Amino acid sequence: MSNPVPKKKPYPFWLGGVAATIAASITHPLDLTKVRLQASGDKRMLASIQKTLRTAGVRGLFDGISGTWMRQMSYSMCRFWAYEESKNMLDATAPGAPAWKLGVAGSMAGGIAGLVGNPGEIVMVRLQGDFAKPPEKRFNYKHCFDALFRMVKEEGPSSLARGVGPNVFRAVLMNASQLASYDFFKASLLATPYFEDNIYCHFTASFAAGTVATTVCSPADVLKSRIMNASGPGSSSTLLTLRTALATEGPLFVFKGWVPAWVRLQPTTILIFLTLEQLRRGVEWGRGKGVEWI
């Protein structure tokens, strides 16, 4: 009778958050442009970038980066951890697990992370979109913690839940499409004779996952950005925002900013998974040397 294969030790829970933070720091200028396109009157990606450079210089391309770090170390760390836990619950950890199980695991992780990361999401969106507004309408937050404390003080604790509906909806879509499709594409590629478990396989799988995720998430992403950037009575109503936009811009408004979103999400997705895979290899190397990780 053969001995059972020992269960693989899980990776540190924070690994995904660190990978996402590194990737988001590199692609921050593109994310900043996407948010400003969705929340302001800017029409084209290049025009928006030129406007930022003209008004704030190169440094302006990194406005609100502290909010990005807060968001990644709350939302992204939670979603990667919850995704792995959900796969364990659904017995979907083996290579070639059914796509529907991966999708359900991604949806579960997205729902949890969307709730946990909502305050960080609001802070990130507000910090990024602030300089696109007229001076009299700006929040003028100093950094992510100043934004968090002032929101609670000036707008009440309920402000931290602003836009939580579309944000959770988007998080469910994002994780079901991005995380699940990456695992699915990676397993499918490894099942062919053309790929091995290396950077070429990780790049191809993450490229496909990024395209799927951008298209699936665009409607919720646009609504989330508009609601979180707004303030005042009635401004947090998803239905009111949707009706107003449909009346003034037509149904295709939900794909406004798709190109910069794709341009931003593609390198972000690729960088996240390439970094994550390398961090995992680093953990395995460390364990081989007797180093244990938290």
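Everything discussed here concerns the structure shown above.
Quick notes on the overall build of the chain
So, step 1. Within the chain, the regular secondary structure consists of eleven helices and zero strands.
So, step 2. Traced from its N-terminal end to its C-terminal end, the chain shows the element sequence α-α-α-α-α-α-α-α-α-α-α.
So, step 3. Dimensions of the chain, computed from C-alpha atoms along their principal axes, come out at roughly 75 × 40 × 35 Å.
So, step 4. Within the chain, buried positions represent 49% of all 294 residues.
So, step 5. Considering only contacts in the chain between residues 6 or more positions apart, those separated by 24 or more positions represent 75%.
So, step 6. Summing over all exposed atoms, the chain offers an accessible surface of approximately 14500 Å²; the carbon and sulfur share of this is 68%.
So, step 7. Averaged over its 33 positive side-chain charges, the chain has a centre that lies 5 Å from the centre of its 20 negative ones.

Re the nonpolar core
Soluble globular proteins: nonpolar side chains tend toward being buried together.
So, step 1. Membership of the largest hydrophobic core comes to 23 residues, with the highest contact counts inside it found for Phe80, Tyr83, Leu102, Phe273 and Leu276.
So, step 2. Contributing elements (two or more residues each) for this core: α1 (15-26), α4 (65-89), α5 (99-116), α8 (164-190), α9 (199-229) and α11 (258-288).
So, step 3. Ignoring any residue separated from it by four or fewer positions in sequence, one finds Tyr83 in contact with Leu102, Ala105, Gly106, Ala109, Leu179, Ala180 and Asp183.
So, step 4. If you look at the next biggest cluster of nonpolar residues, it comprises nine residues, including Met70, Ile122, Cys144 and Met151.

Here we look at the packing of aromatic side chains
Two descriptors summarise a pair of aromatic rings, namely the distance from one centre to the other and the angle between the planes of the rings.
So, step 1. All chains considered together, the criterion is met by six aromatic pairs.
So, step 2. Site record: aromatic cluster; members linked through ring pairs are Phe80, Tyr182 and Phe273.

Overview of unusual backbone geometry
So, step 1. Non-glycine residue Asp91 carries a positive phi angle of around 55°.
So, step 2. Mapped onto the secondary structure, Asp91 falls in the loop between α4 and α5.
So, step 3. According to the relative accessible area criterion, Asp91 is exposed, its value standing at 61%.

A word on the environment of Val18
So, step 1. One can find Val18 in helix α1.
So, step 2. By relative accessible area, which is 25% here, Val18 ends up partly exposed.
So, step 3. Put simply, Val18 and Gln72 are 54 residues apart on the chain and 7.9 Å apart in space, counted from C-alpha to C-alpha.
So, step 4. In contact with Val18, not counting residues within four places along its chain, are Met73 and Leu279.

Things to note about the state of the cysteines
So, step 1. In total, this model carries zero disulfides according to the counting rule given.
So, step 2. Take Cys217: it sits in no disulfide, and the sulfur closest to it among the cysteines is that of Cys78, at 16 Å.
So, step 3. The class for Cys217 is buried, based on a relative accessible area of 3%.

Things to note about a nonpolar patch on the surface
So, step 1. Together, Phe13, Trp81, Ile112, Leu115 and Val116 make up an exposed nonpolar region whose accessible area comes to about 490 Å².
So, step 2. The biggest single contributor to the nonpolar patch is α5, with three residues.
So, step 3. Counting through the fold element by element, Trp81 comes out in helix α4.
So, step 4. Overall, the relative accessible area of 40% leaves Trp81 in the partly exposed class.

Rules and cut-offs
Residues numbered from 1 in each chain as written. Predicted model: local features only at pLDDT ≥ 70, side-chain atom pairs only at ≥ 80, totals over all residues. Heavy atoms only, no water. Helix = DSSP H or I, 4+ residues; strand = E, 2+ residues; numbered from the N terminus. Buried < 20%, exposed > 50% of the residue type's maximum accessible area, 1.4 Å probe, protein only. Contact = heavy atoms within 4.5 Å. Areas by Shrake-Rupley, 256 points an atom, 1.4 Å probe, with all protein chains shown as cover. Lys, Arg positive; Asp, Glu negative; His and termini not counted. Charge placed at Lys NZ, Arg CZ, Asp CG, Glu CD. Core = buried A, V, L, I, M, F, W, Y, C linked by side-chain atoms within 4.5 Å. Phe/Tyr/Trp six-rings, centres within 6.5 Å; stacked < 30°, edge-to-face > 60°. Disulfide = S-S within 2.5 Å. Patch = residues over 30% accessible without salt bridge, like charges linked within 9 Å, V, L, I, M, F, W, Y side chains within 5 Å. Salt bridge = Lys/Arg side-chain N within 4 Å of Asp/Glu carboxyl O.

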